[in-house]
Amino acid sequence: MIYYELKKFLGSLRNIKFLAFLLILLIASDVYTIYHHPINPSVYKTIHQEIQTMSKEEAKSYLQEKIDAYEFQSNYIFNIDNEQFLNTYTEKYGEAWIKEQILKQNDDTLSHHDDFVYQQIMNEMTVLEDYQNYRSSIEKQYEEHAKISIFAQDTETEKKISKKVYDQYHKLNVKELSLQPELVLSQLYSFELRNIISVVLIFYLVFAMIYQEKETGVLQYSQSMRKGKRQQVITKFISQMIILMACYIVFYLFDYMIYSIAYGFIDLMAPIQSFSFFSTCPYAWNTITFMLMSVFATLLAFTAISSIMNVFAYYWNQLSAFLISILCIIGITALLIWGIRNQNGLISNLNYLNILFYMHPEKIFSQYNFVNLNVIAFREYDTLLLLLLVSIICIWLSRKNIKRTAIRKTQAKRTYQHSLHSFMYYEMKKILIIQKALLIGMISVLGFIIMMQNQQSVSTANDYMYNSFVDTIGAYVSKEADEKIKQQEQYYQDLENQLMQEQNVNKQNLIDQKLMTQQGFERYKKAYDKRKEDATGRKILKEDRYRLLYETTNLSKFMITFYLISFLYILPTCFYYERKTHMLTIQNTTRGKYQTFHYKVIALSTILIVIFLTLLTCIIIKAKLLYPDLNLMENIQCLDLFYNFPIKMPIFLYYIMTAILQILSIICMTVISARILKKQRTPYIFMLISLIFFVLPIWFTDRFAYIYQILFPHEAILHGTYIFFILILVIGSIISLKRKK
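Residues numbered from 1 in each chain as written. Predicted model: local features only at pLDDT ≥ 70, side-chain atom pairs only at ≥ 80, totals over all residues. Heavy atoms only, no water.

Engineer: Quick rundown of empty space enclosed by the protein? Include the residues and the values.
Structural biologist: Taken as a whole and judged by the stated rule, the model has five cavities of 30 Å³ or more. There is about 120 Å³ of room inside the largest cavity. Going through the elements one at a time, α10 (193–216), α18 (423–434) and α19 (437–453) are the ones with two or more residues in the lining of the largest cavity. Here the lining of the largest cavity is built from residues that sort into nine nonpolar, no polar and one charged. For the second largest cavity, the calculated volume is near 70 Å³. (1 Å grid on protein atoms, 1.4 Å probe; cavity = no way out; pocket = protein on both sides within 12 Å on 5 of 7 lines; lining within 4 Å. Points joined across faces, edges and corners; volume = space filled by probe spheres on them. Helix = DSSP H or I, 4+ residues; strand = E, 2+ residues; numbered from the N terminus. Nonpolar A, V, L, I, M, F, W, Y, C, P; charged D, E, K, R; others polar.)

Engineer: Please give an account of the packing of aromatic side chains that cites residues and values.
Structural biologist: Remark: the centre distance and the inter-plane angle together describe each pair of aromatic rings, the angle taken between the planes. Using the criterion set out here, one finds 31 aromatic pairs in the structure. Relative to tryptophan 285, the ring of tyrosine 283 lies with its centre 4.8 Å away and its plane at 20°, an arrangement referred to as stacked. Since its relative accessible area comes to 10%, tyrosine 283 is described here as buried. Ring centres of phenylalanine 724 and phenylalanine 725 lie 6.1 Å apart, and the angle between their planes is 50°; on these two criteria the pair is classed as tilted. Taken together, the aromatic side chains of Tyr189, Tyr248, Tyr252, Phe278, Tyr283, Trp285, Phe290, Phe302 and Phe365 make up a single cluster linked through ring pairs. (Phe/Tyr/Trp six-rings, centres within 6.5 Å; stacked < 30°, edge-to-face > 60°. Buried < 20%, exposed > 50% of the residue type's maximum accessible area, 1.4 Å probe, protein only.)

Engineer: Tell me about the confidence of the model for the chain, residues and numbers included.
Structural biologist: Of the residues in the chain, 81% have a pLDDT of 70 or more, and the chain-wide mean is 79. Confidence, expressed as mean pLDDT per element, reaches its minimum in the chain at helix α17 (residues 413–417) with 44 and its maximum at helix α28 (residues 651–679) with 89. The low-confidence segment residues 149–153, where pLDDT is below 50, has two contacts with residues more than four positions distant or belonging to other chains. Here residues 406–418 is a poorly scored stretch, pLDDT under 50, and it has six contacts once near neighbours within four places are set aside; other chains count. (pLDDT = per-residue confidence, 0-100. Contact = heavy atoms within 4.5 Å.)

Engineer: Outline the environment of leucine 727, listing residues and values.
Structural biologist: Counting through the fold element by element, leucine 727 comes out in helix α31 (residues 720–737). The partly exposed category is assigned to leucine 727, whose relative accessible area is 47%. Residues leucine 727 and serine 665, 62 residues apart in the sequence, show an inter-C-alpha distance of 9.8 Å.

Engineer: Tell me about the packing of helix α25 (residues 554–580) against α28, and please be specific about residues and values.
Structural biologist: Look at α25 against α28: their axes get within 10 Å of each other, and the N-to-C directions meet at 35°. Crossing of α25 over α28 shows right-handed handedness. Taking contact as the criterion, the partners of Tyr563, Phe567, Leu571, Pro572, Phe575 and Arg579 in α25 are, on α28, Ile666, Met669, Thr670, Ser673, Ala674, Leu677, Lys678 and Lys679. Class assignment for the residues of the contact of α25 with α28 results in nine nonpolar, two polar and three charged. (Axes fitted to C-alpha atoms, helices over the stretch in contact; angles between N-to-C directions. Left-handed = near helix turned anticlockwise from the far one by under 90°.)

Engineer: Can you lay out α10 for me, pointing to particular residues and giving the numbers?
Structural biologist: Here α10 is 24 residues long and its end C-alpha atoms lie 33 Å apart, about the 34 Å a rise of 1.5 Å per residue gives. The largest bend in α10 amounts to roughly 35° and is located at phenylalanine 207. Buried residues dominate α10, accounting for 19 of its 24 residues. Downstream of α10 by one or two residues, glycine 217 has phi in the positive range, about 85°. (Expected span 1.5 Å × (residues − 1). Bend = angle between axes of the 7 residues up to and from the residue.)

Here it is as structure tokens:
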């Protein structure tokens, strides 16, 4: 039965395409992450290869010189007259080295990203040197605690834990550590996409093997056979796990190979303690053993997740009830994550009920922690048995649910099979489930979150200088700020006079670099003078904090692009599917054909609005994560772009107002597009035209990106053309909804 279940799933071209899509998405995200990482992969790989031929002392001296060179070039401009600063480097490297670094500084030959590389490799070497000290500190700490009276009050369980930790590290026999390119494992275990894709795959497997067969009646038919009940549950579960395990291992190997090619291959036989973030591992494992154990534990977590989904899938006949149950599980998990993360004592043990905790088993294996229940304590990795127990219980419940569901159907056949729902319910179910709008929406949001993770700070060097003046001089107009501005102006005037009199080229370059901060000061002074003239008491905000929220960035372009991809798939597919099945023809012959069209438009608009608002919320969350001091209660008129905005309101209220306009635009676009698609025999012309005129201009030309300006209107809202576009959309939607005789 397992063979035929696998053959049925893998024999579908659609399923193969979905698996290929997940793999391509993972590879693309890996490549994107590598080339947007602060550490240059080619430099990192080259330096590691170079120091492999050096002794430890030579390698450390080489890296320290590179780090000192960057620090010297960065700080020289601020310490020109500081003899102690110059003497420190002169005594260490000599005057020739000092002159060489000054020339390099003028040529800007040392990159900030290269400094990250040297710092990273130096930290890796430091961890190797300090490993024995770390183990000694554990033993010393245990011996000292045994002598101190205050620790004698510990419970017997706590004493046993301390003794077990001491014994484990005392008997640990680790081979000689070696320097490895640890960014390979760092990226391999810090990147969440592999786990996210695996969970999406579990959901897809449950949907394809259970719910799709429920819709077609195949599941009920197979359950009427001799081995179609309990054996069927076990068969489907084992088939799901075979596909999931095979796919996860492929995902894992692709991740490992991509990161190894980028950063250099590691020695799989080297002790796992050779890597700084696993240096506390209490087991004498080599790297490949650690990797295999982490994969095995992660697959146990996925087994538990799959079994839980199978229980709900067999229990609920309606997919909506299944989704609500899964959302409840996610909500409970979120409460466990955020509610007890800073708790101590017995309540902290609730974290072991959080299934996401087990999706990162490398954290469990890298430390020797215990679950302390006061009466008894056991090792943290023993909790992995909970996953196996959960899986067994869930499979047993799934087998029971088949019999229970059959009894429930027999006893209440009329109640369950003939219960009526509104027309909107069936329209939403058809669009979300049958026409895959839910899946497309999830993929769009997931794709945007992946792109959003790689979004770094949008602050520029000019922003940092501007913000420093906001902090030092002040964010409000005052007499004290006026005095500081005069002093700063005099400082720049003195530098300009000094530059005109200076003959030495090197010193001229240094003075020029000091004058580079003048640009940030002029920007600050302009903002200050503007507020001083209107005397409204407006605050000078740090503009870069709010830039992601209203300016055109790659993140905002990705948001609109992913939304339009959902839009251009969901709408055409809806009408094409109904035209292909002749349902549209049947609807047009009924009395309520206009009402049917209106319900369809409402359902489509609701789905698209939810997708758009989810993407918009992701941007706000990202801005808050990048800039924790972001304050949405500030006046919108304090931002330079909205300085002349006619209404005084908090930024969050402005966002609500623009969200209403965006929702209105989405509704109008949906109505107009629905009317067009209802008359089109094929959706491909509409999709192609929309792609050329709506999506491509977002990335290639700002002049014709009208849809982008409508859906992200923060810059266009200040101009009359935005109101003109909104009026056109509203009039067009009214005409589209008008009944024709």
